[in-house]
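Coordinates in review
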Amino acid sequence: MEISVIRSKRKTIAIQVKSAEDVVVRAPYRLTNKEIQEFVDKNRDWILRNIEKMERVKQEEDEIEPLSEAEVRALADEACKVIPERVKYYAPLVGVTYGRITIRNQKSRWGSCSSKGNLNFNVGLMMAPPEVMDYVVVHELCHRIEMNHSPKFWAEVGKLIPDYKKHEKWLKEHGKEIIKKIRFTD
């Protein structure tokens, strides 16, 4: 296991496991090499568990069969019908208007909202449970009120989706699999 050390003006020491070949220790300038090594030794089991977990996840992701381009297009066609209806339903409940709605095959984002009120949604939402899709729709509509993720923003989301954290968790646990499926290889 290769470990690199990055020193900075930070106050605490931290370990970042990016992969089995890329483990980074971020440490304050004041710590000695010996203190850094002791910290790494003390956390070796944690590092190894995280490397194993990352390798397991990567292996699972490698086993996921991507959809064909035609299958992704079919999902997009469905999304172009379903998502605008959900936006139309939720916009008055949030108390906002919106501009254009676009459906995209994105690598990481589930949705976005421009300052002009245009909304973008990921075609992969069609593979999520309906309540997760609704959460993303409400999330983006609430950005028409607050263009940030402040407590005020989350309070707006919580008015309509009180259990939004459950849906965020679902996306974190299953999102990579969906993204992998919609990255067609045809």
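The structure under discussion appears in the preceding block.
These notes cover the structure that comes with them. Owing to the predicted nature of the structure, the values given are computational and were not obtained by experimental measurement.

**A word on the overall build of the protein**
Within the protein, the secondary structure is distributed over six helices and six strands. Overall, the protein shows an N-to-C arrangement of helices and strands of β-β-β-α-α-α-β-β-β-α-α-α. A compact globule built from 186 residues should have a C-alpha radius of gyration of about 16 Å, whereas the protein, at 21 Å, is more than 25% larger. Across its three principal axes, the protein shows a C-alpha extent of roughly 60 × 40 × 25 Å. Surface accessibility of the protein: about 11600 Å² in total, with carbon and sulfur atoms responsible for 50%.

**Re helix α6 (residues 164-182)**
The sharpest bend along α6 comes to roughly 55 degrees, located at His174. On its buried side, α6 packs onto α3 (69-94), β6 (119-122), α4 (130-142) and α5 (151-160).

**Quick word on the layout of surface pockets**
Of the voids in this model, the largest pocket is the one considered here, and its volume is about 500 Å³. As for the largest pocket, its lining consists of 21 residues, and the residues nearest its centre are Ser108, Arg109, Trp110, Gly111 and Leu171. Within the residue set of the lining of the largest pocket, elements represented by two or more residues are β5 (111-113), α4 and α6. It is α6 that provides the largest number of residues to the lining of the largest pocket, a total of seven residues. Residues of the lining of the largest pocket, tallied by class, amount to six nonpolar, seven polar and eight charged. In this structure, the second largest pocket spans a volume of roughly 360 Å³.

**Focus: the sheet that holds β5**
Across the sheet, three strands lie side by side as β4-β6-β5; this open sheet has mixed pairing. A single partner strand is all that each edge strand has here, and the edge strands are β4 (101-104) and β5. Each neighbouring strand pair of the sheet contributes to a mean axis angle of 15 degrees, computed without reference to strand direction. In this structure, β5 lies alongside β6, joined through three bridges in antiparallel fashion. Directly across from Ser112, in β6, lies its bridge partner Asn120. Relative to the sheet, α4 contacts β5 and β6, its axis offset from that of β6 by approximately 155 degrees.

**Considerations on the sheet that holds strand β3 (residues 22-28)**
Read across the sheet, three strands follow the order β1-β3-β2 without closing on themselves; strand pairing throughout is mixed. Looking at the sheet topology across the chains shown, the edges are occupied by β1 (3-8) and β2 (14-19). For this sheet the average axis-to-axis angle between neighbouring strands, irrespective of direction, equals 25 degrees. Docked against the sheet, helix α1 (residues 33-42) engages β1, β2 and β3, running at close to 125 degrees with respect to β1. The sheet strands contacting helix α2 (residues 44-62) are β2 and β3, and the helix crosses β2 at an angle near 25 degrees.

**Overview of the nonpolar core**
With 36 residues, the main nonpolar core has Ile83, Phe121, Tyr135 and Leu141 as its most contacted residues. Of all the secondary-structure elements, those providing two or more residues to this core are α3, β6, α4, α5 and α6. Ignoring anything within four residues of it in the chain, the contact list for Ile83 reads Ile103, Phe121, Asn122, Leu125, Met126, Met133 and Val137. Formed by ten residues, the second largest nonpolar core is a distinct cluster that contains Val17, Val25, Ala27 and Val40.

**So, the packing of aromatic side chains**
Summed over the entire model, instances satisfying the criterion amount to four aromatic pairs. Summarising the aromatic geometry, the rings of Phe153 and Trp154 are spaced 4.9 Å apart at their centres and angled 80 degrees between planes, so their arrangement reads as edge-to-face. For the pair formed by Phe153 and Trp154, the shared burial category is buried. Through a chain of ring-to-ring contacts, the aromatic side chains of Tyr135, Phe153, Trp154 and Tyr164 assemble into a single cluster.

Quick notes on the rules
Residues numbered from 1 in each chain as written. Predicted model: local features only at pLDDT ≥ 70, side-chain atom pairs only at ≥ 80, totals over all residues. Heavy atoms only, no water. Helix = DSSP H or I, 4+ residues; strand = E, 2+ residues; numbered from the N terminus. Rg over C-alpha atoms; globule rule 2.2 N^0.38 Å. Areas by Shrake-Rupley, 256 points an atom, 1.4 Å probe, with all protein chains shown as cover. Bend = angle between axes of the 7 residues up to and from the residue. Contact = heavy atoms within 4.5 Å. 1 Å grid on protein atoms, 1.4 Å probe; cavity = no way out; pocket = protein on both sides within 12 Å on 5 of 7 lines; lining within 4 Å. Points joined across faces, edges and corners; volume = space filled by probe spheres on them. Nonpolar A, V, L, I, M, F, W, Y, C, P; charged D, E, K, R; others polar. Pairing = 2+ DSSP bridges. Axes fitted to C-alpha atoms, helices over the stretch in contact; angles between N-to-C directions. Core = buried A, V, L, I, M, F, W, Y, C linked by side-chain atoms within 4.5 Å. Buried < 20%, exposed > 50% of the residue type's maximum accessible area, 1.4 Å probe, protein only. Phe/Tyr/Trp six-rings, centres within 6.5 Å; stacked < 30°, edge-to-face > 60°.

Purely geometric stuff here, so don't read any function into it on its own.
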